[in-house]
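Chain residues, written in single-letter form:
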Amino acid sequence: MTVRLLAFAGLRDVLGGPKRELSVADGATLADLWAELVRARPQFGPLEGSTRFALNGRLVARDATLAEGDEVALMPPFGGG
Amino acid sequence: MRYEIGAAPLEIAPLIAAVAGPENGAIVTFLGVVRADDDPEGTVEALVYEAYEELALSEMRAIGAEASTRFGPARVAIAHRTGACGVGEASVAIAVAAAHRAAAFDACEYAIDELKKRVAVWKQERYRGGAARWRPNAEV
């Protein structure tokens, strides 16, 4: 199945753009998606601890299960204010 | 209650108008303003903000509701800029109205502290000379 990735701030540079589609196995979790990203771009590896995820506009933990067409946001530490 | 994210310069008056009411004897406002920090990379001349608007707005609403529950009742309005903000320009504006000033001060401080931790906004420091760097908030 295919999910849509959004990446913000410094993670956009690592992803190579603000948006991308990624194929993952049916039943994959965010942790599985992250492992796939790290395989494709090893620069993601050291960012695991600081990256937060949103699924369809809501903050979620990385055991969240993905569905076809989901929008997954990759977010580095916030810097608002 | 009013929560906004956008590229237009911030104005505090509409936020004050949004929270004012006959039951409230105190209105506290906060403006976060771009500072010309001297960093090892150079002197900051602008901060460029970006937001994941859907998530940032929902978290701003949650923070406003929490501030009211903890310290209020209080009415809260928050606006955050996106795009480039030059030195001296406001990047965030908050207005809080409550019956008395202690609650309004406490709720306003809570709102900015939580915003910096929880709201999906990022900033890039741009320095004189053209260098730039993403700068997360310090862990509290």
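Refer to the preceding data block for the structure.
So, how was this worked out
- Residues numbered from 1 in each chain as written.
- Chains lettered and ligands numbered in written order.
- Predicted model: local features only at pLDDT ≥ 70, side-chain atom pairs only at ≥ 80, totals over all residues.
- Heavy atoms only, no water.
- Helix = DSSP H or I, 4+ residues; strand = E, 2+ residues; numbered from the N terminus.
- Buried < 20%, exposed > 50% of the residue type's maximum accessible area, 1.4 Å probe, protein only.
- Pairing = 2+ DSSP bridges.
- Axes fitted to C-alpha atoms, helices over the stretch in contact; angles between N-to-C directions.
- Contact = heavy atoms within 4.5 Å.
- Parallel < 35°, antiparallel > 145°, perpendicular 65-115°, else oblique.
- Left-handed = near helix turned anticlockwise from the far one by under 90°.
- Nonpolar A, V, L, I, M, F, W, Y, C, P; charged D, E, K, R; others polar.
- Phe/Tyr/Trp six-rings, centres within 6.5 Å; stacked < 30°, edge-to-face > 60°.
- Lys, Arg positive; Asp, Glu negative; His and termini not counted.
- Salt bridge = Lys/Arg side-chain N within 4 Å of Asp/Glu carboxyl O.
- Polar contact = N/O pair within 3.5 Å; in protein donor to acceptor, adjacent residues only side chain to side chain.

Enquirer: Hey, could you run me through the side chain of Ser-68 of chain B in this one?
Expert: Structurally, Ser-68 of chain B is set in helix α2 (residues 53-71). With a relative accessible area of 16%, Ser-68 of chain B lands in the buried category.

Enquirer: Got a minute to help me understand the sheet that holds strand β7 (residues 90-98) of chain B in this structure?
Expert: One key point about sheets: their strands pair by backbone hydrogen bonds, in either a parallel or an antiparallel sense. Residue and element names in this part refer to chain B. Within the open sheet, the four strands sit side by side as β1-β5-β7-β2. Their pairing is mixed. Each edge of the sheet is formed by a strand with only one pairing partner; in this case those strands are β1 (2-6) and β2 (26-33). The mean inter-strand angle of the sheet, taken between neighbouring strand axes irrespective of direction, is 5°. Pairing of strand β5 (residues 74-81) with β7 involves seven bridges; the strand directions are antiparallel. Counterpart to Ala-74 in the pairing with β7 is Ala-98. Those strands touched by α2 are β1 and β5, and its axis lies near 150° from that of β1.

Enquirer: Would you mind showing me how to read the packing of α2 of chain B against helix α3 (residues 101-118) of chain B here?
Expert: For any two helices packed against each other, one specifies the crossing angle of their axes together with the interaxial distance. All names here are of chain B. At their nearest, the axes of α2 and α3 sit 9 Å apart, and the two run at 150° to each other. The angle between α2 and α3 falls in the class roughly antiparallel. The interaxial crossing formed by α2 with α3 has right-handed handedness. Residues Glu-59, Met-60, Ala-62, Ile-63, Glu-66, Ala-67, Arg-70 and Phe-71 of α2 touch α3, and the partners they reach there are Ala-103, Asp-106, Ala-107, Tyr-110, Ala-111, Glu-114, Leu-115 and Arg-118. Of the residues assigned to the contact of α2 with α3, the class counts are ten nonpolar, no polar and six charged.

Enquirer: Where do I start with the packing of aromatic side chains in this structure?
Expert: For any pair of aromatic rings, the description rests on two quantities: the centre-to-centre distance and the angle between the ring planes. Summed over the entire model, instances satisfying the criterion amount to six aromatic pairs over all chains. Ring centres of Phe-78 of chain A and Trp-122 of chain B lie 5.7 Å apart, and the angle between their planes is 65°; this geometry places the pair in the edge-to-face category. In this pair, Phe-78 of chain A sits in the segment after β5 (71-75) while Trp-122 of chain B sits in strand β8 (residues 121-127), so the two residues belong to two different chains. Considered together, Phe-78 of chain A and Trp-122 of chain B belong to a single accessibility category, that of buried residues. Joined through ring pairs, the aromatic side chains of Phe-8 and Phe-78 of chain A together with Tyr-52 and Trp-122 of chain B make up one cluster.

Enquirer: What is the right way to read the side chain of Asp-70 of chain A from this model?
Expert: All names here are of chain A. Note on placement: Asp-70 falls in the loop between β4 (58-60) and β5. Despite being buried, Asp-70 has no salt bridge partner; Arg-4 is the closest side chain of opposite charge, sitting 7.0 Å away. At 2.7 Å, the side chain of Asp-70 forms a polar contact with the backbone nitrogen of Ala-67. In contact with Asp-70, other than residues within four places in its own chain, are Thr-2, Val-3, Arg-4, Leu-55, Asn-56 and Thr-65.

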